[in-house]
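Residue-level listing of the chains:
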Amino acid sequence: MSVPFEAVKVSDHVYWVGAIDWGIKDFHGYSVRRGSTYNAYLIEADDIILIDTVKAPFKDELLSRVASVTDPGNVRYIISNHSEMDHSGSLPAVIDAVKPEKVFASPMGAKALGAHFHMDQEIIAVKDGEQLDLGGVSLTFLETRMLHWPDSMVTYVADDKLLFSQDGFGMHLATSERFADQIPERKILEEGSKYYANILLPYSNLVTKLLGRVSDLGVEIDILCPDHGPIWRKDPGKILGLWGEWAAQKPTNKAVIVYDTMWGSTDLMGRAIGEAMQAEGVHVEVMPLKTCDRSAVVTQVLDAGALLVGTPTINNGMFPTVSDVLTYLKGLKPKNLVGAAFGSYGWSGEGAKQVNEILSDMKVEIVQEPLAVNYVPDYEALAGCRALGAAVADRLKEVVGSGS
Ligand code: FEO
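Undergrad: Hey, could you go over helix 3 (residues 91-98) for me, with residue numbers and the actual values?
TA: Residues of helix 3 that are buried include every one of L91, V94, I95 and V98, and no others. Seen from one end, helix 3 has its buried residues packed into an arc of 105°, which puts them on one side. Buried-residue contacts for helix 3 involve strand 8 (48-51), helix 1 (59-67), strand 9 (75-80), helix 2 (85-88), strand 10 (102-105) and helix 4 (107-117). The first or second residue beyond helix 3 is K99, which carries a positive phi of 50°.

So, in structure tokens, the structure goes:
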């Protein structure tokens, strides 16, 4: 069924033909409060080439945008830069609809697409650095393994100095504007850093290597076309530079204090710790899990230098919400943090110790043994909280001051 969606011209040869998902709020556990886009692109040359597709429910939106440029049956080639379902979910249906002559992916992409969709369609594997002339346009493929899946690759269009970067340099942000220069910088920074923290953080070393490789190759990029969020047609160096900074994870004079509470004691401890750190000149983000979700926490951790985590003890363990956020943080492997655990307890008191173990596993430099307070903190216990905050603040200032 044809629906009235239109393509947006990006460059001499390229149109955006993706979909806007205004309604999504949870992207496999990552809270995307401003929605997302699934960007697909059409190269219009002597032949028509489709770069990536969209999440399955948005297939008609994609085909409608293609139809605003050309009959979808004219699509001769499809290139899949990334096989995750938000970009490949509609691929089988699109193949059925347009009947392309050839479909290309990286070697790992060809395997992954086969394992996802079990299609009859042959997927032709292109090698790292391979260059193809399709429809009179030169395309170069670079594998970007584990950025952020094993199959990931990017495609460079030399004629337009344009890079299709799949998930790279993207963000989850649904807007009516297609270009970064049309969107307030504050939104770009908020959603760009959130995306990096929630998706790319564990692969930061590879991001640094990729940026170095692109620089060494001397590839000129005038236009950067990611698979989510805005397209960079002016100053793509801005988002490349931001990714370089986020990948470095240089600690700053900022502490994140995250906790949950049963009857208010751990909340009081967390706020007292934060107050002491502020008094030492540290910028503090206090994040009670009653109102802050795991995606917001890791976003704040991205440029922090200290992480303090608090929990009550319940049923001989930490609070479930604290366990959730620590599982998420541990998987995302933030680096260069100092910190500590704290919490209140009634009789057994395992919670703060368990948090401390996980922080140690995460290679957070533990400044002080876990601080556990029985039931409700009194004046003396709160003085202990302030002392913990001051100790972590002192160590943080040493680390930031030394530039390590
Ligand atoms: Fe946007 Fe890894 O998919």
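Undergrad: Before we move on, can you summarise a nonpolar patch on the surface with the specific residues and values?
TA: There is a patch of nonpolar side chains on the surface, built from W347, Y375 and V376 and spanning about 440 Å² of accessible area. Looking at where V376 falls in the secondary structure, it is placed in the loop between strand 24 (371-374) and helix 12 (379-402). Residue class for V376 comes out exposed when judged on its relative accessible area of 60%.

Undergrad: I'd like to hear about the sheet that holds strand 16 (residues 223-225), residue by residue, with values.
TA: Taken in spatial order, the 5 strands make up an open sheet running 12-13-14-15-16, and their pairing is mixed. A strand with exactly one partner marks an edge of an open sheet, and here the two such strands are strand 12 (131-134) and strand 16. On average, adjacent strands in this sheet sit at an angle of 25° to one another, irrespective of strand direction.

Undergrad: Can you break down the side chain of E143 residue by residue, with the values?
TA: Structurally, E143 is set in strand 13 (residues 137-143). Residue E143 is classed as buried on the basis of its relative accessible area, which comes to 15%. A polar contact of 2.9 Å, which involves the side chain of E143, links it to the side chain of R145.

Undergrad: Explain the packing of helix 6 (residues 204-217) against helix 7 (residues 237-248) residue by residue, including any values.
TA: Axes are the key here: two packed helices are described by the angle between their axes and the distance separating the axes. Helix 7 packs onto helix 6 with a crossing angle of 140° between their chain directions and a minimal axis gap of 9 Å. Here helix 6 is positioned oblique relative to helix 7, judged by the angle of their axes. Here helix 6 runs over helix 7; the crossing is left-handed. Contacts between helix 6 and helix 7 involve S204, V207, T208 and L211 on the former and, on the latter, L240, W243, G244, W246 and A247. When its residues are assigned to classes, the contact of helix 6 with helix 7 shows 6 nonpolar, 3 polar and no charged.

Undergrad: Hey, could you go over unusual backbone geometry for me, with residue numbers and the actual values?
TA: Cis geometry marks the peptide bond from L147 to H148; its omega dihedral reads 0°. The topology assignment puts H148 in the loop between strand 13 and strand 14 (153-157). Although it is not a glycine, H28 adopts a positive phi angle of roughly 30°. Along the chain, H28 turns up in the loop between strand 4 (26-27) and strand 5 (30-31).

Undergrad: I'd like a rundown of the packing of aromatic side chains, residues and numbers included.
TA: Counted according to the given criterion, the structure contains 7 aromatic pairs. Look at Y196 and W246: their rings are 5.9 Å apart centre to centre, the planes differ by 45°, and that puts the pair in the tilted class. Within this pair, whereas Y196 is found in helix 5 (residues 185-200), its partner W246 is found in helix 7, the two being separated by 50 residues in sequence. Three or more aromatic residues link up through ring pairs in this structure, and these residues are F169, Y196, W243 and W246. Looking at R233, its charged tip hangs above the ring of F179, at a distance of 3.9 Å from the centre.

Basis of the calculations
- Residues numbered from 1 in each chain as written.
- Predicted model: local features only at pLDDT ≥ 70, side-chain atom pairs only at ≥ 80, totals over all residues.
- Heavy atoms only, no water.
- Buried < 20%, exposed > 50% of the residue type's maximum accessible area, 1.4 Å probe, protein only.
- Helix = DSSP H or I, 4+ residues; strand = E, 2+ residues; numbered from the N terminus.
- Arc of directions from axis to C-beta.
- Contact = heavy atoms within 4.5 Å.
- Patch = residues over 30% accessible without salt bridge, like charges linked within 9 Å, V, L, I, M, F, W, Y side chains within 5 Å.
- Areas by Shrake-Rupley, 256 points an atom, 1.4 Å probe, with all protein chains shown as cover.
- Salt bridge = Lys/Arg side-chain N within 4 Å of Asp/Glu carboxyl O.
- Pairing = 2+ DSSP bridges.
- Axes fitted to C-alpha atoms, helices over the stretch in contact; angles between N-to-C directions.
- Polar contact = N/O pair within 3.5 Å; in protein donor to acceptor, adjacent residues only side chain to side chain.
- Parallel < 35°, antiparallel > 145°, perpendicular 65-115°, else oblique.
- Left-handed = near helix turned anticlockwise from the far one by under 90°.
- Nonpolar A, V, L, I, M, F, W, Y, C, P; charged D, E, K, R; others polar.
- Phe/Tyr/Trp six-rings, centres within 6.5 Å; stacked < 30°, edge-to-face > 60°.
- Lys NZ or Arg CZ within 6 Å of the ring centre and 35° of its normal.

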